[in-house]
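# Structural characterization, general
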Amino acid sequence: MYTFNPGPSQVYAEVRSYLTAAFDEGWLSAPHRGERFTGLVRQVIADLKAKLNIPQDYTIFFLNSATECWEVLAQSLTPTKSFHLYSGAFGEKWLEYAKALKPASTGQLFGVDELPNLGQIPQDADLVCITQNETSNATQLRDGFILNLYNKLGPNSLLAVDATSSLGGIQLKMIKADIWFGSVQKCFGLPAGLGLMILSPRAVARFRQINERAHYNSLVSQYEKMLNYQTTHTPNVLDIYLLSRVLQDRQPIKTVHQHLLDRATKLYDYFDNATQLTPLVTNPETRSTTVIGLQGPPALIDEVKRRAKEQGLQLGNGYGNWKPNSLRIANFPAIPDAAYEQLVQFFAREFA
Ligand SMILES: *Cc1c(COP(=O)(O)O)cnc(C)c1O
């Protein structure tokens, strides 16, 4: 059975042995203030920086989910308001959570085949927020766009990027934004329950200046604990351990990225030409590398998902507005090439 669901997604086959090792090595009861655990955190942070090309002067925090990152950014880095460019359900949810805490926050919707208009970026927003890979509609904002946006920010705005379904799969130009975050159940091929937030020196200076301390997960509190490689709460030690194992086994991000790009190119070529379903996104410039969306009439979508499942291929459902008339195929590092070969053979045999 292969699952192409874009989250929770297929975990690495090796997770089975890592779990046994975590148990046998005593990680499940390791004190989170002890030296053994802080040594692990120090190592994971060094490996994340090395394997994902994260600048040495960026700061990394462990949270519990990407959703928590949305809320923490509204709490600790948004004295007044944030501005959100969004095309789908995840970007919209982020805006809703931001508005709940900071009602002056606003957003601008754009279409799946469009790039957002950069002419109207409010110059007084504390944060400008984008979803680098919109998992719900299989779109992606590329490096060139993020760079253009970064150059259009007001002097006191920070750029915050939800990279949940690309972090660990795509090479992201970290210096082109101030805050990046994601969680491990997408491109890291691990069980859910661990979020990562990556902050530039400018973002760290800003939250220290704002000094918001009203929450257990306030960024200043996390910062103070992380000086000693600790967290404010008892963290998901198991997932942090699993992350350390996955990172040690991993190729550098450049290699992972190229592999996913090659696979995505082949899949889009195939679905552009050969099947009854067509890519949900028509503009090649806005198509996601890590999540491939296909659209078709709802009855056909159901039929494809049902027959695929019978053959051990679990496709991802559509999401949000796209639920009935689309399906999604994760192109994540933990899913082997053999799975995509089977998938293409399935489509060629039954829905060409
Ligand atoms: C999956 C996802 C989230 C939510 O992640 P959690 O870890 O479940 O909070 C947020 N944003 C995007 C783009 C996602 O794909």
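Please refer to the structure higher up on the page.
Below, the structure is looked at part by part. (Residues numbered from 1 in each chain as written. Predicted model: local features only at pLDDT ≥ 70, side-chain atom pairs only at ≥ 80, totals over all residues. Heavy atoms only, no water.)

Let us now look at the site of the ligand. In the region of the ligand, 14 residues are neighbours, and Thr 67, Thr 135, Asp 162, Ser 183 and Lys 186 sit closest. Calculation on the ligand without its partners gives an accessible area of 390 Å², and the protein chains cover 87% of this total. Most atoms of the ligand, that is more than half of them, are within 2 Å of grid points of the largest pocket. Broken down by element, the shell around the ligand gets its largest block of residues, 3 residues, from helix H3 (residues 66-76). Looking at the shell around the ligand residue by residue, the class counts come to 3 nonpolar, 9 polar and 2 charged. (Near = heavy atom within 4 Å. Areas by Shrake-Rupley, 256 points an atom, 1.4 Å probe, with all protein chains shown as cover. 1 Å grid on protein atoms, 1.4 Å probe; cavity = no way out; pocket = protein on both sides within 12 Å on 5 of 7 lines; lining within 4 Å. Sits in = over half its atoms within 2 Å of the grid points. Helix = DSSP H or I, 4+ residues; strand = E, 2+ residues; numbered from the N terminus. Nonpolar A, V, L, I, M, F, W, Y, C, P; charged D, E, K, R; others polar.)

The subject of this paragraph is empty space enclosed by the protein. Under the definition given, this model contains 2 cavities of 30 Å³ or more. Lining the largest cavity, in full, are Leu 85, Tyr 86, Ser 87, Gly 88, Phe 110, Glu 114, Thr 131, Glu 134, Thr 139, Gln 140, Leu 141 and Thr 286. Only strand E3 (82-86) and strand E7 (139-140) provide two or more residues apiece to the lining of the largest cavity. Residues that form the lining of the largest cavity fall into these classes: 4 nonpolar, 6 polar and 2 charged. Put simply, the second largest cavity is a space of about 40 Å³. Lining the second largest cavity we find Phe 61, Phe 62, Gln 222, Met 226, Gln 230, Thr 231, Thr 232 and His 233. (Points joined across faces, edges and corners; volume = space filled by probe spheres on them.)

Right, let's get into the side chain of Gln 132. Examined against the element boundaries, Gln 132 turns out to sit in the loop between strand E5 (127-131) and strand E6 (133-134). Judged by relative accessible area, Gln 132 falls into the buried class, the value being 2%. In terms of polar contacts, Gln 132 uses its side chain to reach the side chain of Ser 166, at 2.5 Å. Setting aside residues up to four positions removed in sequence, Gln 132 forms contacts with Thr 139, Gln 140, Leu 141, Ile 146, Val 161, Asp 162, Ala 163, Ser 166 and Leu 172. (Buried < 20%, exposed > 50% of the residue type's maximum accessible area, 1.4 Å probe, protein only. Polar contact = N/O pair within 3.5 Å; in protein donor to acceptor, adjacent residues only side chain to side chain. Contact = heavy atoms within 4.5 Å.)

Here we take up the nonpolar core. Residues Ile 179, Met 197 and Leu 243 are the most contacted members of the largest nonpolar core, which totals 80 residues. Residue-level mapping places this core at the junction of two domains, with at least three residues from each of domain 1 (2-8 + 252-350) and domain 2 (15-249). Counting residues in each nonpolar core, the second largest holds 30 residues, with Val 291, Leu 313, Ile 335 and Phe 351 among its members. (Core = buried A, V, L, I, M, F, W, Y, C linked by side-chain atoms within 4.5 Å. Domains from an automatic or database assignment.)

Taken as a whole, helix H5 (residues 143-150) has its buried residues at Phe 145, Ile 146 and Leu 149. All buried residues of H5 project into a common sector of 100 degrees when viewed along the axis, lining one side. Those residues of H5 that are buried lie in contact with E3, E5, strand E8 (158-162) and strand E9 (179-183). (Arc of directions from axis to C-beta.)

Right, let's talk about the layout of surface pockets for a bit. Computed from the structure, the largest pocket encloses a volume of approximately 330 Å³. What lines the largest pocket is a set of 23 residues, and nearest its centre among them are Thr 67, Phe 90, Thr 164, Gln 185 and Lys 186. Taken together, the elements giving at least two residues each to the lining of the largest pocket come down to H3 and helix H4 (89-101). Among the residues forming the lining of the largest pocket, the class breakdown is 7 nonpolar, 12 polar and 4 charged. The residues that make up the lining of the largest pocket include at least three from each of domain 1 (2-8 + 252-350) and domain 2 (15-249). Approximately 240 Å³ is the volume attributed to the second largest pocket.

Glancing now at the packing of helix H1 (residues 15-24) against helix H8 (residues 237-249). As a packed pair, H1 and H8 sit with axes 10 Å apart at the nearest point and diverge in direction by 125 degrees. Compared by their axis directions, H1 and H8 come out oblique. Helix-helix and strand crossings are classified by hand; for H1 and H8 the assignment is right-handed. Between H1 and H8, the residues in contact are Tyr 18, Leu 19, Ala 21 and Ala 22 and Leu 238, Tyr 241, Leu 242, Arg 245, Val 246 and Asp 249, respectively. Among the residues making up the contact of H1 with H8, the classes are represented as 8 nonpolar, no polar and 2 charged. (Axes fitted to C-alpha atoms, helices over the stretch in contact; angles between N-to-C directions. Parallel < 35°, antiparallel > 145°, perpendicular 65-115°, else oblique. Left-handed = near helix turned anticlockwise from the far one by under 90°.)

Looking now at unusual backbone geometry. That bond from Gly 7 to Pro 8 is cis: its omega, -5 degrees, falls within 30 degrees of zero. Take Pro 8: it is sitting in the loop between strand E1 (2-3) and H1. The backbone of Asn 53 sits at a positive phi, close to 60 degrees, despite the residue not being glycine. Following the sequence through the fold, Asn 53 ends up in the loop between helix H2 (35-52) and strand E2 (59-63). Phi is positive for Asn 211, close to 60 degrees, though the residue is something other than glycine.

So far we have only geometry, and geometry alone does not tell us how the molecule works.
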